[in-house]
Amino acid sequence: MSQMLNTGVCWTTQDVELLPENEGTRYEIVDGELFVSRAPHFKHQQTCGRIFQELNIWSESTGLGEAVINPGVLFSESDNVIPDVVWATKETLALTLDEAGHLTGAPDLVVEVLSSSNEDLRRDKEAKLKLYSSRGVKEYWIADWRSRKLEVYRREQNQLKLVETLFSSDIIISPLLPGFSCSVNQFFPV
C-alpha cells in the first residue's frame, strides 16, 4: 500500500535522505513527487522472486546480463525509484552502476508488480511508465498477481508502448532476451 505526499513541493533525493528510516517503508520520487510504500503483500513478494528467478537462471546460462530485485535507480535528484525487478546487460551495468551500488541510468528491462491500491496502480501504470519511457528503458513489464496477467511494453519510436497482454497460459519471449522463454504462469504463486 502506498500513498503519495503531494504538498506542492518538488522532492529530491537529498530530501528523502533526511526522512526517518522505518523498516518496511520505501520512498520513491517520480518527477519530484514523493511516493511512500509499506511492505507489500506476501504474494507480491513471491511474484517478484519468481520473475527474478526466471531472469536470473536465463542470465546465468547466457552470461548476457544480470537480474536484481529492488535496486535503487537514481535517474536524477527528482527521479529516484526502486523497481521490483530489473535486468541489465553487462554493458549497461558498466555504464550506469555507481560506487554506492545504484543504477544512475536506465536498466534494459524493468518489472513492476502491482499492489492493490489505486495510488500504486497510478504510480506503476502512469508515473513510472512515463519516467521509464523518457529515460530509455527498452522494455517494461507490469505483473498483476491477482489477475495473473503480464503487460509488456516495448520501446517503439522512442517511447514505451503496450505491445501485448499475456495471461497464465501464454509464453513470454522477448527480443531483448534472446532464447528466454517462460510460461507466464511460472511468475505467479498459487
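Okay, so let's go over this structure. In this text the structure is predicted, and so the values were computed from the model without any measurement.

### Digging into the overall build of the chain
Turning to step 1, where the next piece is worked out: A count of helical and extended segments in the chain gives 4 helices and 13 strands.
Turning to step 2, where the next piece is worked out: What you see for the chain is a C-alpha radius of gyration of 16 Å, in line with the 16 Å of a compact globule of 190 residues.
Turning to step 3, where the next piece is worked out: In terms of overall dimensions, the chain has C-alpha extents of about 45 × 35 × 35 Å along its principal axes.
Turning to step 4, where the next piece is worked out: Of the contacts made within the chain by residues no fewer than 6 positions apart, 54% connect residues no fewer than 24 positions apart.

### Observations concerning the environment of Gln 159
Turning to step 1, where the next piece is worked out: Mapped onto the elements of the fold, Gln 159 is located in strand β11 (residues 159-167).
Turning to step 2, where the next piece is worked out: Residue classification places Gln 159 among the partly exposed positions, given a relative accessible area of 41%.
Turning to step 3, where the next piece is worked out: The spacing of Gln 159 and Lys 130 is 29 residues in sequence and 8.7 Å in space, taken between C-alpha atoms.
Turning to step 4, where the next piece is worked out: Among residues more than four places away in sequence, those in contact with Gln 159 are Ser 133 and Arg 154.

### Details of the pattern of salt bridges
Turning to step 1, where the next piece is worked out: Throughout the structure, instances matching the rule amount to 9 salt bridges.
Turning to step 2, where the next piece is worked out: Measuring nitrogen to oxygen at the nearest pair gives 3.3 Å for the salt bridge that ties Asp 124 to Arg 123.
Turning to step 3, where the next piece is worked out: Asp 124 sits in the buried class, given a relative accessible area of 0%.
Turning to step 4, where the next piece is worked out: Measuring nitrogen to oxygen at the nearest pair gives 3.7 Å for the salt bridge that ties Arg 154 to Glu 164. Residue Arg 154 is found in strand β10 (residues 149-156), and its partner Glu 164 is found in strand β11; the two are separated by 10 residues along the sequence.

### Description of the sheet that holds β11
Turning to step 1, where the next piece is worked out: Taken in spatial order, the 6 strands line up as β4-β7-β8-β9-β10-β11 in an open sheet, and their pairing is mixed. In this open sheet, the two edge strands, each paired with only one partner strand, are β4 (65-69) and β11. On average, each strand axis in the sheet is tilted by 15 degrees relative to the strand beside it, whichever way the strands run.
Turning to step 2, where the next piece is worked out: Bridge count for β10 against β11 is 8 bridges, and the pairing is antiparallel. Bridge pairing in β11 links Arg 154 to Lys 161.
Turning to step 3, where the next piece is worked out: Relative to β4, helix α2 (residues 42-62) is tilted by about 165 degrees, and along the sheet it contacts β4, β7 (85-89), β8 (109-113) and β9 (139-144).

### Notes on unusual backbone geometry
Turning to step 1, where the next piece is worked out: Residue Asn 70 is not a glycine yet carries a positive backbone phi of 50 degrees.
Turning to step 2, where the next piece is worked out: Looking at the secondary structure, you find Asn 70 in the loop between β4 and β5 (73-76).
Turning to step 3, where the next piece is worked out: Under the relative-accessibility criterion, Asn 70 is labelled partly exposed at 33%.

About the criteria used
Residues numbered from 1 in each chain as written. Predicted model: local features only at pLDDT ≥ 70, side-chain atom pairs only at ≥ 80, totals over all residues. Heavy atoms only, no water. Helix = DSSP H or I, 4+ residues; strand = E, 2+ residues; numbered from the N terminus. Rg over C-alpha atoms; globule rule 2.2 N^0.38 Å. Contact = heavy atoms within 4.5 Å. Buried < 20%, exposed > 50% of the residue type's maximum accessible area, 1.4 Å probe, protein only. Salt bridge = Lys/Arg side-chain N within 4 Å of Asp/Glu carboxyl O. Pairing = 2+ DSSP bridges. Axes fitted to C-alpha atoms, helices over the stretch in contact; angles between N-to-C directions.

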